[in-house]
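# Descriptive analysis of the structure
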Amino acid sequence: MIMSGATIQASAPARETVRGGRSSLTRSRIRAAWIFIAPTLIVLALIAGWPLARTIWFSFTDANLNSLNDYEFIGLENYIANYDGEWLGLLTDTDWWRSVWNTVWFTAISVSIEAVLGTIVALILNASFPGRGIMRAVILIPWAIPTVVSAKMWNWMLHDQFGVINDMLLRLGLIAAPITWTANPDTALWTVVMVDVWKTTPFMALLILAALQMLPGDIYEAAKVDGVHPVRVFFRVTLPLIKPALIVAVIFRALDALRVFDLIYVLTANSRDTMSMSVFARQQLVDFQEVGLGSAASTLIFLIIALLIVITMAAGRVRLGGETR
Amino acid sequence: MSRVIASLTLAAGLLTSASVSAVEISISCSALGKEYEICKQGVDAWAQKTGNTVKIVSTPNSATERLALYQQLLAAGAGDIDVFQIDVVWTGILADHLQDLTSNGQSVVSQHLPAMVETSRVNGKLMAMPWFADAGLLYYRKDLLDKYKRPVPQTWSDLTETARMIQEGERKEGKGDFWGYVWQGRAYEGLTTVALEWIASYNGGTIVDEKGEVTVENPKAVEALKTAAGWVGTITPEGVLNYTEEEARGVFQAGNAAFMRNWPYAWALAQGADSTIKDKVGIAPLPKGGADGRHAGTLGGQLLAVSKYSKNADAAIDLVMYLTGQEEQKRRAVQGSFNPTLVSLYGDADVAKANPFIGDLADVFANAVARPATVTGQNYNKVSTEFFNAVHQVLSKRAEPAQALNRLDRDLKRIKRSGWQ
């Protein structure tokens, strides 16, 4: 996001010179630019491009983890194929589509909650109060704990027999019997959302806080002089101004949430009801050794995430453009 | 200064010369409970005897994770681990990467429990050596059965009734979180073993029979699942749907359950010095499905196999033969209550002294139900996953038993398509 913004700005004057014929200076500049970005492009091709290409290639084969060098090209059979009048393949697999739905649902709900909570936390941390520095450091603790560790920790806290959460709720008289947070399919996905919100709200708050600190103070003074209600100030002044940063933060989090694996895997294992796309792909690749089918799932994950991000970015930019006018 | 260098060179020289004759073998031992400690003592004894060194590689506690790790290592042809501790259902899955032990083990393997030997063979070849045996058991609270004057349950309906009675009684006395029966209900391999016990105890078959036919859709299996689904929320906490072995043991060992289904390892821990239920526990075969049903515990246990990619295969095979031999199996049985796979040790006086219930176990192992791993081979994991997911849906009341088994039957036939291999 940030990088693409910079390129757009840099390329605008360059285009003007092209229109008027390339000077030798421009040409040598372009050459220098290519030389400078070449290492990045090569590294990217090696660490991102090659595995991606290999995965997409495997998705058209019947490769098996047991003997990875011995496979045949089978075309689209991993995606969709007709065996004796019965349609099979990933695109007809209800488990796969359930995992897609779980992931999208999880992303939408958790990122929305995190955006709202993150903004509130950032607003609080932006106000000056004693101990603000310490508070800012403390709030980052959940973000600093490795996901597997925090997931395991929550797993014990949420345990129906010896979990501290059920114990607290029972003592407060809020529930009559312990809730089986991770075992009951109705609460399991909500539990995952809750733990994710706990963990990543600090990240969201930090990005929004950075945006808040860039805001000019004079607008607020003007609003104060005019006697505008603080809530109105937030919706009319603060929110539009931090919106670009908020959208960047939401896209970062959404990218992260769409490939969620560790949290769901530790909290509910391979259960179908809560399986995310990544858990599904891993199960095919590793547990079932179906490298072909698993690669097909991975390829679809790549396409789905790309599509969703393009949609989010397009939606974000359109609204931004409308407001600056 | 020069003296220091000289002595360092000398020391380095000694170290290299020692490693020329002896080799280092890596073994993956599980670290559940006392397993690591006992394994370490065993391999150290071999190392001392032969002059080699042995490195123990720790592996994840969850069996599913361990298999995934092995598969990744072996698929890459890595020789980092020479000796693998594998589960009885993995022989078929991993066979392509294992050394054929037929010529080394053929002469001794007949002394092991036949059911265990069966799990070590793939297409007639011996791919692993049996190390210890496991089977599902019923743990019960002796003191509570006495208190409520009930016998050890022989059928599942006995168990349901007794569990309900004890649970009601204990709760009336103020133990609000007391439950009748806990087991492993998480959607994982453990649920396959547990549910197979229910179905087999009703004579409902073993999901896929020896000939490879899918047999899971039958009225007995429906009845078995119906009974089990009825426990959840009544005598079994709903949380059991996410329990593995250790969570179930946690509830039982805290004194909060009357019955538990678990593997033999829980015995030593329940009888440990810090256990709240020490000397109040008994074990029995799992109940029968009905008067004409059978006691069925799923066969578990571990084998030792040698990697095809091992650089020191001879030494590795020697280690496997030592660890699965008479002397070491006896030591493990006495010190760690691991159940030997050597038939002769079931009559051994020292083993009987350490494990008073070893005689009962011999019967349990003789009648144990094997999971359909050999016949489904490479596809076992898929079969098991479909099965435990179907059972999990029944237990969480998201599907009716008949409907779930019908769908399972279709899915398994689809996996089988043109054959299991």
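What counts as what
- One numbering rule holds for all chains: residues counted from 1, following each sequence as written.
- A letter from A marks each chain and a number from 1 marks each ligand, given out in the order of writing.
- Totals for whole chains, interfaces and linings use all residues, but because this is a predicted model, local features are given only for residues with pLDDT of at least 70 and pairs of side-chain atoms are given and counted only at 80 or more.
- This entry defines residue contacts through backbone-placed C-beta atoms, with two residues in contact when those atoms are within 7 Å.
- Each helix is a run of DSSP H or I of at least 4 residues and each strand a run of E of at least 2, with the numbering of both proceeding from the N terminus.
- Classification convention: Asp, Glu, Lys, Arg as charged; Ala, Val, Leu, Ile, Met, Phe, Trp, Tyr, Cys, Pro as nonpolar; all other residues, Gly among them, as polar.
- Any two strands with at least two DSSP bridges between them are considered paired.
- As a rule, the C-alpha atoms of each element are fitted with a line to give its axis, helices using only the stretch in contact, and angles between N-to-C directions run from 0 to 180 degrees.
- A residue's pLDDT is the predictor's confidence in that residue, given on a scale from 0 to 100.
- In this description, a nonpolar core means buried residues of the types Ala, Val, Leu, Ile, Met, Phe, Trp, Tyr and Cys, linked to one another by C-beta atoms lying within 7 Å.
- Between the buried cut of 20 or more and the exposed cut of 12 or fewer other C-beta atoms within 10 Å of a residue's own C-beta lies the partly exposed class, and all C-beta atoms are placed from the backbone.
- The split of the chain into domains comes from an automatic or database domain assignment.

### A look at the interface of chain B and chain A
The interface is formed by 25 residues belonging to chain B together with 20 residues belonging to chain A. Ranked by the residues each element gives to the side of chain B that touches chain A, the list is headed by helix α18 (residues 380-395) of chain B, at five residues. Classifying every residue of the side of chain B that touches chain A by side-chain character gives seven nonpolar, 12 polar and six charged.

### A closer look at the sheet that holds strand β8 (residues 179-182) of chain B
All names here are of chain B. Spatially, four strands are ordered β8-β9-β7-β10 in an open sheet, and the strand pairing comes out mixed. In the strand order of this sheet, the two ends are held by β8 and β10 (281-284), each with one partner. Looking at each pair of strands side by side, their axes are set apart by 15° on average, direction ignored. Looking at chain direction, strand β7 (residues 137-141) and strand β9 (residues 257-262) are connected through four bridges and run antiparallel.

### Some remarks on the sheet that holds strand β2 (residues 53-58) of chain B
Residue and element names in this part refer to chain B. Pairing within the open sheet is mixed, and its five strands lie in the order β2-β1-β3-β11-β6. The open sheet has two free edges, formed respectively by β2 and β6 (129-135), since each of these has just one partner strand. Mean inter-strand twist for the sheet, computed between neighbouring axes without regard to direction, equals 20°. Bridge analysis of strand β3 (residues 83-87) against strand β11 (residues 299-306) gives five bridges, and the strand direction is antiparallel. Bridge pairing in β11 links F84 to A305. Helix α2 (residues 35-50) contacts β1 (24-29) and β2 of the sheet and is inclined by roughly 160° relative to β2.

### Concerning the confidence of the model for chain B
All names here are of chain B. Model confidence for chain B is summarised by a mean pLDDT of 88, while 94% of its residues fall at 70 or above. Highest mean pLDDT in chain B belongs to β9 (96); lowest belongs to helix α1 (residues 2-21) (50). Both scores are available for the predicted complex, with the pTM at 0.79 and the ipTM at 0.73.

### Details of the nonpolar core
Across soluble globular proteins, you tend to see nonpolar side chains buried next to one another. In this structure, I208(A), V83(B), Y181(B), V182(B), F259(B) and L319(B) are the most contacted members of the largest nonpolar core, which totals 183 residues. Per-element accounting of this core gives the leading share, 12 residues, to helix α8 (residues 185-213) of chain A. With residues near it in sequence (within four places) discarded, V83(B) still touches I25(B), I27(B), L304(B), V306(B), A316(B), L319(B) and V320(B).

### Digging into the domain arrangement of chain B
Residues and elements named next belong to chain B. You can read the domains of chain B as domain 1 (21-127 + 300-366) and domain 2 (137-298 + 372-416). Once you take the C-alpha centre of each, domain 1 and domain 2 turn out to be 27 Å apart. Across the boundary between the two partners, domain 1 contributes 16 residues, which contact 20 residues of domain 2. Taken together, the elements giving at least two residues each to the side of domain 1 that touches domain 2 come down to α3 (63-75), α4 (91-94), α6 (114-120) and α16 (358-366). A per-class count over the side of domain 1 that touches domain 2 returns seven nonpolar, seven polar and two charged.

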